[in-house]
Amino acid sequence: MKKVLLLFVLSSGVFVMTAQSTSKKVVPDPMLYEIRSESKIAEYLEMAPDKILDLNSYVQNFCYVSNEKPADGKVLGDISDVKSPGCNVDASNIIVKKRINPGLFSFRQDEGQYNVYTIGSTGWYVIVYPIEIYTQKREEYMNQYKK
């Protein structure tokens, strides 16, 4: 009887583990390859998929590109002023994709305020979410992957 019970418990555990491992697959955002090496991303996928989720959330939810700035947004300068050394700013590519990799810039993020950076003289902006909105977006993103 003990063997049957042990077998049942073990098989139930295997089922639970299998069911949990079939949750939504973690796929690195292509922008991650601009800020992390391919080998590091592969390591995260194998050993720490939550790190990939955190980085994905960062590149997808930290800021956005728009031709309208929020009424309460504070313009802090141009993106060329806050780019990382060696980073080329391709304004037309940023505008077409309506995405920018925040990991390649030192954008300032504040509590309760949108920070705005111009994209040259194009009339387009990079808008950095306030900390509390970014945190909410990050939680929503991470909840998609909860087991």
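The structure presented is a predicted model; accordingly, all values stated were derived computationally and were not measured.

About the thresholds
Throughout this description, residue numbers start from 1 for each chain and increase along the sequence as written. Given that the model is predicted, a residue must reach a pLDDT of at least 70 before its local features are reported, and side-chain atom pairs must reach 80 or more before they are shown or counted; all residues, however, enter totals for whole chains, interfaces and linings. Only hydrogens and water are set aside; all other atoms, that is, all heavy atoms of the structure, feed into the side-chain values. Note on aromatic pairs: the rings of Phe, Tyr and Trp (six-membered ring only in Trp) are paired at centre separations within 6.5 Å, and the planes decide the class, stacked below 30 degrees, edge-to-face beyond 60, tilted for the rest. In this description a helix means any DSSP run of H or I spanning at least four residues, a strand means any run of E spanning at least two, and both kinds are numbered starting from the N terminus. Any residue under 20% of the maximum accessible area for its type is buried, any over 50% is exposed, and the rest in between are partly exposed; the area is computed with a 1.4 Å probe on protein chains only. When DSSP locates at least two bridges between a pair of strands, those strands are taken to pair. Axis angles are defined between N-to-C directions and span 0 to 180 degrees, where every axis is a line fitted to C-alpha atoms and, for a helix, only to the segment in contact.

A.B. asks: Could you give an account of the packing of aromatic side chains, with specific residues and numbers?
C.D. replies: Throughout the structure, instances matching the rule amount to 7 aromatic pairs. Taking 4.9 Å as the distance between ring centres and 50° as the angle between the ring planes, the aromatic pair formed by phenylalanine 107 and tyrosine 117 counts as tilted. With phenylalanine 107 in the loop between α5 (91-97) and β3 (115-118) and tyrosine 117 in strand β3, this residue pair connects regions lying 10 residues apart in the sequence. Residue phenylalanine 107 shares its accessibility class with tyrosine 117, and that shared class is buried. Measuring from ring centre to ring centre gives 5.5 Å for tyrosine 141 and tyrosine 145, while their planes differ by 45°; the resulting arrangement is tilted. Judged by relative accessible area, which is 13%, tyrosine 145 ranks as buried. One aromatic cluster is present, formed by Tyr58, Phe62 and Tyr134 through successive ring pairs.

A.B. asks: An account of the pairing of β3 is requested, with residue identities and associated values reported.
C.D. replies: Taken together, the 4 bridges between strand β2 (residues 74-78) and β3 define a ladder with parallel strand orientation. Following the sheet pairing, aspartate 78 is matched in β3 by threonine 118. Examined bridge by bridge, β3 and strand β4 (residues 125-128) share 4 bridges and lie antiparallel to one another. From the neighbouring strand, threonine 118 faces β4, where its bridge partner is tyrosine 125. Linking β3 to β4, which pair antiparallel, is a turn of 6 residues; within it glycine 120 sits at a positive phi near 60°.

A.B. asks: Tell me about the sheet that holds β2, and please be specific about residues and values.
C.D. replies: Spatially, β1-β4-β3-β2 is the arrangement adopted by the 4 strands of the open sheet, whose pairing is mixed. With partners counted over all chains shown, the strands left at the sheet margins are β1 (63-66) and β2, one partner each. Across the sheet, the mean angle separating the axes of adjacent strands is 25° when strand polarity is ignored.

On their own, these measurements won't tell you what the molecule is for.
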